[in-house]
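Reading the structure
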Amino acid sequence: MSVISAKGSEDSESKTGTRPIVDDIIETSSQKLASESNVPSVATTSRIELLSFYLYYVGNNGLSGFNFGPSQFQNLLFLAGYDPSQPPYSASCGSNTGCVLPYLGKIRDINSIVLLTNGISFAIQAVLLILIGAWADYGTWRPNITIIFTLIAVAVSFAWLGVEDPSQWQAGVALYILGLIAYQGALTFWTAAFPGLTRHLPEVETSAQLTADGKKSVDEHASFESLSRNRVSNISFTVSSLGEILILILMVGIIEGLNAGDSTANNTKAFSVLIAFSGAVWLLCALPWFFFEKRRPGLALPPGSSLLTIGFRQTYIALRECMRLKQTFLYLIFYFLMGDVLNTTVTVIGTLQNSVVAYSTLQLTLLLIVGIASQAIGIYSFWLVQKKFRISTKAMLSFNVLWILVLTIWGLAGVHTDKFGFKHVWEIWLYQVFYGLMVCPWYAYSQTMISEVSPLPQMHYTNPSFRFLFFALFSVVGKTSAFIGPLVSSAIITASGNNNNMPFAFLFGLGAVSTIFLYLVDIKNSRVECEEFVKAEADLEAFQG
C-alpha cells in the first residue's frame, strides 16, 4: 500500500466544475484503493501480526481504567464521605447509610459523583475523538496514536500508587478521568486497525480475487468476509478473556500478599497496586503489536485540509451522507441509543456492586474471574452457534439486545424493594455470569454490524472512503452517547432523593425504544442502497452540492 496524492483541481473541475469539500476526500481514497489492489503482498495480514493484534487486547483489558480504577475512585469517595443524616463530616459512611460529598458546587451521593465524572470523561472523549479520530484514516498516524494513548494509560496506572489516602479523592477524580480517556483512546485506535486487518487476511483476499474473476458471486464473498470479521472479532474477545483470567489469578496472589483483608488501609493500597500491575501487563502485551503491525498508509490529506480541521469535516460529511442511506441511518440511531443504555447500565451496576461487596479487592477480583470466564464462554458460544447455523449478524445482535433489556428490568425491580435489584452479594455473582454469557457478545456484534450497513469497498473495490467515513461516524456516535446516559442518570439519582436504582427506569425505556430501529434495519436493502451509492459516487453524482 502507498500514500496516493489527491487529483489535480483542473481534472476535477473539468468534470463537475467547482466541487464540494467531500469530493477531495473521496477522490483521495479512490486512488488509494487502486494502489492497494496492486500490492497485496505488502498489505496481506501475517500470522504474527494477527497474533499480536489478539495479544494487545489481552493487555488492554480494562482492568486498570475500566475496573479497578473506577472501584478505587469510588472506594476513596466512600472513605472520605459522610452520612447525610448527620451533620457534615460528623459520621462516616456505613453499609446501611447514605454517603455524600460536595462535588461541583452541590452535595451529591457518591454514586451520583461517579456517574457524573464518568459522563464528563466521555464528553471529553467525544470532543477529542472528533478532533483526532480522523487521524486514523489519513497518513500513517494511527499506530503512533495507539502507542501514545497506551503509554499515557500505563503512566496513569502507575500514578495510582501515589493515591492511597481518602483525603486524596480529588486526585482520584483526575486519574479516573484521564485513565478512562487513555483506555478508550487506545481501544478506539487499536480497533481502527480491524477493518484493514480482516480485509487483508489471506483467505479474504483470495475470495475477493475469485469474485473479481467472476468465479464467486458478490453475495457469497460478502457473506464470507462477514463471517471472517466475526471470527477475528470473537476470537480477539475470547483470547482477551482467557488472558484476563490468568492476570486476575495472579492478582489474587498479590492481594493475599498485601493482606488486603486485614484492614481498610491495606485494601485501599491493594487497589492501587492492582491498577499498577495491570498497567505493567498492558505494556508488556502491547509491545509485539507496536513492532509487528503493518504500517498500512491511510488516505492522503485532501487539499485545503489540516489535521486540526479534518476530523470535524469528516464527521459532518459522514453524517450528511448517512442521511442518504436509510438502513445505515436506522442502525446509527439504534447504535446511539442502545450503546448509551448498555454503557450506563454497566456503570450503574458497577457502583451498586462496589457498595454491596464493601469495596473488597478480593471479592471484586473473584467476581471478575467468574465474569470474564463467562464472557469467554458466551462470546465464543455465540460465534459457534452463528457459524454452525449460518445465522446473520443482525439476528445474533437482536438476540443479544434482549438480554441487555433484561438487565435494566432486573435493576428496575430494586426501585421500591431491597429484596432484589443488585442489592445482595448473590445477585452480584449471578450478574457476572449473566453479563458474560448473554450481554458481552454485544461488543463484537454491534461493531461487525457497522460493516454490514455501511458502504463496503470490498463489494466493488472502487472506493474505501466510505468505510473510513462511516466507521469514524459510528465511533463518534458511540462516544457521544456514552456521556449522555451517565449525566442523565446522575441527575435522576439526585432528583429521586439518592435512589441509586431509579436510573434503570430511564434505561429500560430508552432501550425498548432503540430496539424498534434495529428491527427496521433491512440488511439486503442496505446492500442495494450501498451498491447504488458507490456507483453514483463513481459517476460523481452522489456528492453534488
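Overview of the structure.

So, how was this worked out
- Residues numbered from 1 in each chain as written.
- Predicted model: local features only at pLDDT ≥ 70, side-chain atom pairs only at ≥ 80, totals over all residues.
- Heavy atoms only, no water.
- Pairing = 2+ DSSP bridges.
- Helix = DSSP H or I, 4+ residues; strand = E, 2+ residues; numbered from the N terminus.
- Disulfide = S-S within 2.5 Å.
- Buried < 20%, exposed > 50% of the residue type's maximum accessible area, 1.4 Å probe, protein only.
- Patch = residues over 30% accessible without salt bridge, like charges linked within 9 Å, V, L, I, M, F, W, Y side chains within 5 Å.
- Areas by Shrake-Rupley, 256 points an atom, 1.4 Å probe, with all protein chains shown as cover.
- Salt bridge = Lys/Arg side-chain N within 4 Å of Asp/Glu carboxyl O.
- Axes fitted to C-alpha atoms, helices over the stretch in contact; angles between N-to-C directions.
- Parallel < 35°, antiparallel > 145°, perpendicular 65-115°, else oblique.
- Left-handed = near helix turned anticlockwise from the far one by under 90°.
- Contact = heavy atoms within 4.5 Å.
- Expected span 1.5 Å × (residues − 1).
- Polar contact = N/O pair within 3.5 Å; in protein donor to acceptor, adjacent residues only side chain to side chain.

1. What to know about the pairing of strand β1 (residues 100-103)
- Note that β1 and strand β2 (residues 106-109) share 4 bridges and pair antiparallel. Its bridge partner being in β2, Leu 101 is matched across the sheet by Arg 108.
- Here β1 hands over to β2 after 2 residues, with Leu 104 in that stretch at a positive phi of 55°.

2. Side note on the state of the cysteines
- All chains considered together, the criterion is met by 1 disulfide.
- Across a sulfur-sulfur distance of 2.1 Å, Cys 93 and Cys 99 are joined as a disulfide pair. Since a negative S-S torsion denotes a left-handed disulfide, the Cys 93-Cys 99 link at about 80° is right-handed. Both residues of the pair, Cys 93 and Cys 99, count as buried.

3. Notes on a nonpolar patch on the surface
- Together, Ile 48, Leu 284, Leu 287, Phe 291 and Phe 292 line one region of the surface with nonpolar side chains, adding up to about 520 Å² of accessible area.
- Considering each element in turn, the nonpolar patch owes the most residues, 4 residues, to helix α12 (residues 264-292).
- Position of Phe 291 relative to the elements: it lies in helix α12.

4. Details of the packing of helix α11 (residues 218-257) against helix α18 (residues 442-453)
- Packing of α11 against α18 brings their axes to within 10 Å, and their N-to-C directions diverge by 155°. Between α11 and α18, the interaxial angle falls into the category roughly antiparallel. Handedness of the crossing formed by α11 with α18: right-handed. When α11 is examined against α18, the residues Ser 226, Arg 229, Asn 230, Ser 233, Asn 234 and Phe 237 are found in contact with a partner set consisting of Tyr 443, Ala 444, Tyr 445, Thr 448, Ser 451 and Glu 452.

5. Description of helix α6 (residues 110-132)
- Look at α6: 33 Å from first C-alpha to last across 23 residues, which is about the 33 Å you get at 1.5 Å a residue.
- Within α6, 17 of the 23 residues are buried, leaving the element largely enclosed by the surrounding structure.
- Where α6 begins, the capping side chain belongs to Asp 109, and its oxygen is found 2.8 Å from the backbone nitrogen of Asn 111.

These values are about where atoms sit, not about what they do.
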